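# Inside the fold
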Amino acid sequence: MTERNTVHAVFTIERTYAAAPARVFAAWADKEAKSRWFGADKSAERQPEMDFRVGGRERLSGTWHGDGVLVRFEAHYFDILPNERLVYAYDMYLGDQHISVSLATVEFRPAGAGTRLVVTEQGTFLDGYDDAGSREHGTGWLLEKLGNSLEAA
Amino acid sequence: MLNQSPSLDLMFQALADPTRRAMVERLGQGPASVSELARPLAMSMPAVMQHLQMLEASGLVRSEKTGRVRTCRIEPEALSLAEQWINARRIDWQRKLDRLGDYLDQTEPKGKS
């Protein structure tokens, strides 16, 4: 029997880009442009869907390199202000497990000629962390990602 | 000391060094003695011990001495599972936003400085 639990987290990530807000926004609004960066660390991407309007949905799935587990991302857009702001909710599934429900707010703030991008995620992380297999998988995955991100830094 | 709750800062700091990442990767395959850990590394034993101390302080690795052999192993529960996932999500975002930056650079219109 699965032990039920929920954990809540809020975090913010910021980046400054030389590109103007309109170009940065376009990279989120255009399906082809978004596919160039958003899901690119997954392989075997399966027919992404994207309906970029308030009330519209986005679906993306793929497997991470090597481990074969299907990751699914399903989003629902709530607020779209061109070149200024996006708010969407999204679900994440790992195989059959529903692992999180999050609200993401993306703000495109002018910074000189460029853009200060502020991404805030408010998430509810769901149960399914408690079997030893996924725990070890999680640790290895974390360390790998941590290492990659530090090397990239 | 053994049960001290490891901080994420210490963990990041511990993993910010390529030698320590190599040690963690090696331990990811299974426990190893200090000399086994040191073998592929081009450095003195005291330097290896220093790296090991940082990994232990971060909570990622623990070691115990049996006779003259110190055996090191990875501590898979160093982070709570929820922290792992949340942190993985944060890292996933960071990588996405880095790639967005690369994409914007690559597609920058010509003729602008």
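Since the structure is predicted, the reported quantities are computational estimates derived from the model, not experimental observations.

Thresholds, definitions, all that
- Residues numbered from 1 in each chain as written.
- Chains lettered and ligands numbered in written order.
- Predicted model: local features only at pLDDT ≥ 70, side-chain atom pairs only at ≥ 80, totals over all residues.
- Heavy atoms only, no water.
- Helix = DSSP H or I, 4+ residues; strand = E, 2+ residues; numbered from the N terminus.
- Contact = heavy atoms within 4.5 Å.
- Areas by Shrake-Rupley, 256 points an atom, 1.4 Å probe, with all protein chains shown as cover.
- Buried < 20%, exposed > 50% of the residue type's maximum accessible area, 1.4 Å probe, protein only.
- Polar contact = N/O pair within 3.5 Å; in protein donor to acceptor, adjacent residues only side chain to side chain.
- Expected span 1.5 Å × (residues − 1).
- Phe/Tyr/Trp six-rings, centres within 6.5 Å; stacked < 30°, edge-to-face > 60°.
- pLDDT = per-residue confidence, 0-100.
- Core = buried A, V, L, I, M, F, W, Y, C linked by side-chain atoms within 4.5 Å.
- Pairing = 2+ DSSP bridges.
- Axes fitted to C-alpha atoms, helices over the stretch in contact; angles between N-to-C directions.

## Remarks on the overall build of chain B
The number of helices and strands found in chain B is 5 helices and 3 strands. The linear arrangement of helices and strands in chain B, starting from the amino end, is α-α-β-α-α-β-β-α. The contacts of chain B with a sequence gap of at least 6 include a subset with a gap of at least 24, amounting to 50%. Of the accessible surface of chain B, which amounts to about 6,500 Å², a share of 49% is contributed by carbon and sulfur atoms.

## So, helix α2 (residues 18–28) of chain B
All names here are of chain B. By the burial criterion, the buried members of α2 are Thr19, Arg20, Arg21, Met23, Val24 and Leu27. Two or three places before Thr19, at the opening of α2, Asp17 has a side-chain oxygen 2.8 Å from that residue's backbone nitrogen. Gly30, located one to two residues past α2, shows a positive phi value of around 145°.

## Quick notes on helix α4 (residues 45–58) of chain B
Residue pairs spaced three or four apart in an α-helix point in one direction, given the helix's 3.6 residues per turn. If you check α4 of chain B, its first and last C-alpha atoms are 20 Å apart, about what 14 residues at 1.5 Å a residue would give, namely 20 Å. Of the residues flanking the end of α4 of chain B, it is Gly59 of chain B, one or two places downstream, whose phi is positive at about 90°.

## Observations concerning unusual backbone geometry
Not every positive phi belongs to a glycine, and Asn83 of chain A is a case in point at roughly 65°. You can see Asn83 of chain A is positioned in the loop between β5 (70–81) and β6 (85–94).

## Focus: the environment of Val106 of chain A
The topology assignment puts Val106 of chain A in strand β7 (residues 97–111). Those residues within four positions of Val106 of chain A in sequence are excluded, and the remaining contacts are Trp28, Glu84, Arg85, Leu86, Tyr88, Leu117, Val118 and Val119 of chain A.

## Side note on the packing of aromatic side chains
All names here are of chain A. Per the stated rule, a full pass over the model turns up 13 aromatic pairs over all chains. Judged by centre distance (5.2 Å) and plane angle (70°), the rings of Phe25 and Phe108 are edge-to-face. Taken as a pair, Phe25 in helix α1 (residues 21–29) and Phe108 in strand β7 lie far apart in primary sequence, 83 residues in all. Among the residues examined, Phe108 registers a relative accessible area of 3% and is labelled buried.

## Thoughts on the confidence of the model for chain B
Residue and element names in this part refer to chain B. Per-residue confidence for chain B gives a mean pLDDT of 81, with 81% of residues at or over 70. Mean pLDDT per element in chain B: helix α1 (residues 8–15) is the minimum at 74, and strand β1 (residues 32–33) is the maximum at 94. In this model residues 1–6 is a low-confidence stretch, pLDDT under 50, and it forms 5 contacts with partners more than four residues away in sequence or in other chains. Across the assembled chains, the prediction reports ipTM 0.76 with pTM 0.63.

## Remarks on the nonpolar core
Ranked by internal contacts, the top residues of the largest apolar core, which has 37 residues, are Val24, Trp28, Tyr88 and Leu117 of chain A together with Trp93, Leu97 and Leu100 of chain B. Elements that contribute at least two residues to this core include exactly β1 (6–17), α1, β5, β6, β7 and β8 (114–126) of chain A together with α5 (81–106) of chain B. For this core, the element with the most residues is α5 of chain B, which contributes 6 residues. Ranked by size, the runner-up nonpolar core spans 17 residues in total, among them Met11, Leu37, Leu55 and Val61 of chain B.

## A closer look at the sheet that holds β1 of chain B
All names here are of chain B. Here 3 strands make up an open sheet; going across it, the order is β1-β3-β2 and the pairing antiparallel. Lying at the two open borders of the sheet, with one neighbouring strand each, are β1 and β2 (61–66). Across 6 bridges, β2 lies against strand β3 (residues 69–74) in antiparallel orientation. Across the sheet, Val61 pairs through a bridge with Ile74, a residue of β3. The strands touched by α2 are β1, β2 and β3; relative to β3, the strand with the most contacts, the crossing angle is about 85°. Seen against the sheet, α4 touches β2 and β3 and runs at an angle of roughly 120° to β2.

## What to know about the pairing of β3 of chain B
All names here are of chain B. Sheet topology note: the β1/β3 ladder contains 2 bridges and is antiparallel. Across the sheet, residue Ser33 finds its bridge partner in β3, namely Thr71. In this antiparallel pair of consecutive strands, β2 and β3, the connection spans 2 residues, and Gly67 shows a positive phi of 65°.

## Re the pairing of β5 of chain A
All names here are of chain A. Sheet topology note: the β5/β6 ladder contains 10 bridges and is antiparallel. The partner of Glu74 across the bridge, within β6, is Asp91. Counting the residues between successive antiparallel strands, the hairpin from β5 to β6 contains 3 residues, one of them, Asn83, with a positive phi of roughly 65°.

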